[in-house]
Amino acid sequence: MTRSPEISQAIFEDVKAVVVITLDIEDRADDLGPETELYGSLPELDSLTVVKLIVALQKRFGIEIGFEIVGESFDTLGRLAAFVESKVR
């Protein structure tokens, strides 16, 4: 599993954990990597779960996610982690 150098492993693992818990996909957690496609690829991730995931990420990282979030942030797990990391900095 390769990871973009701009995403810290700690942030990636924390975002992954939030995704796994929010989507209730613990049985597939080991298969998730930065290139794992999210929205449109995981049946558990629909528009309602996106909202739940945003709320969970805000709580976990103490960040505000406003209107700047775009659909492409949910393309892959790595992109979502990079987005979260940009908000944490």
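To be clear, the structure that these remarks concern was listed above.
Residues numbered from 1 in each chain as written. Predicted model: local features only at pLDDT ≥ 70, side-chain atom pairs only at ≥ 80, totals over all residues. Heavy atoms only, no water.

Asks: How should the nonpolar core be read in this particular structure?
Replies: Where a protein is soluble and globular, its nonpolar side chains tend to be buried together. Counting residues in each nonpolar core, the largest one holds 28 residues, and the members touching the most others are Val15, Leu45, Leu53, Leu57, Phe74 and Leu80. Those elements that place two or more of their residues in this core are helix H1 (9-23), helix H2 (47-61) and helix H3 (77-88). The contact partners of Leu57, leaving out residues within four places of it in the chain, are Val15, Val18, Gly62, Ile63, Ile65, Leu80 and Val84. (Core = buried A, V, L, I, M, F, W, Y, C linked by side-chain atoms within 4.5 Å. Buried < 20%, exposed > 50% of the residue type's maximum accessible area, 1.4 Å probe, protein only. Helix = DSSP H or I, 4+ residues; strand = E, 2+ residues; numbered from the N terminus. Contact = heavy atoms within 4.5 Å.)

Asks: So what exactly am I meant to see when it comes to the packing of H1 against H2 here?
Replies: The relative placement of two packed helices is expressed as an angle between their axes plus a distance between the axes. Viewed as axis vectors pointing N to C, H1 and H2 meet at an angle of 135°, and their least axial separation amounts to 10 Å. The angle between the axes of H1 and H2 places the two elements in the oblique class. The hand of the H1/H2 crossing is right-handed. Two secondary-structure elements touch here, H1 through Ile11, Asp14, Val15, Val18, Val19, Thr22 and Leu23 and H2 through Thr49, Lys52, Leu53, Ala56, Leu57, Arg60 and Phe61. (Axes fitted to C-alpha atoms, helices over the stretch in contact; angles between N-to-C directions. Parallel < 35°, antiparallel > 145°, perpendicular 65-115°, else oblique. Left-handed = near helix turned anticlockwise from the far one by under 90°.)

Without other data, these values stay purely geometric and don't point to any function.
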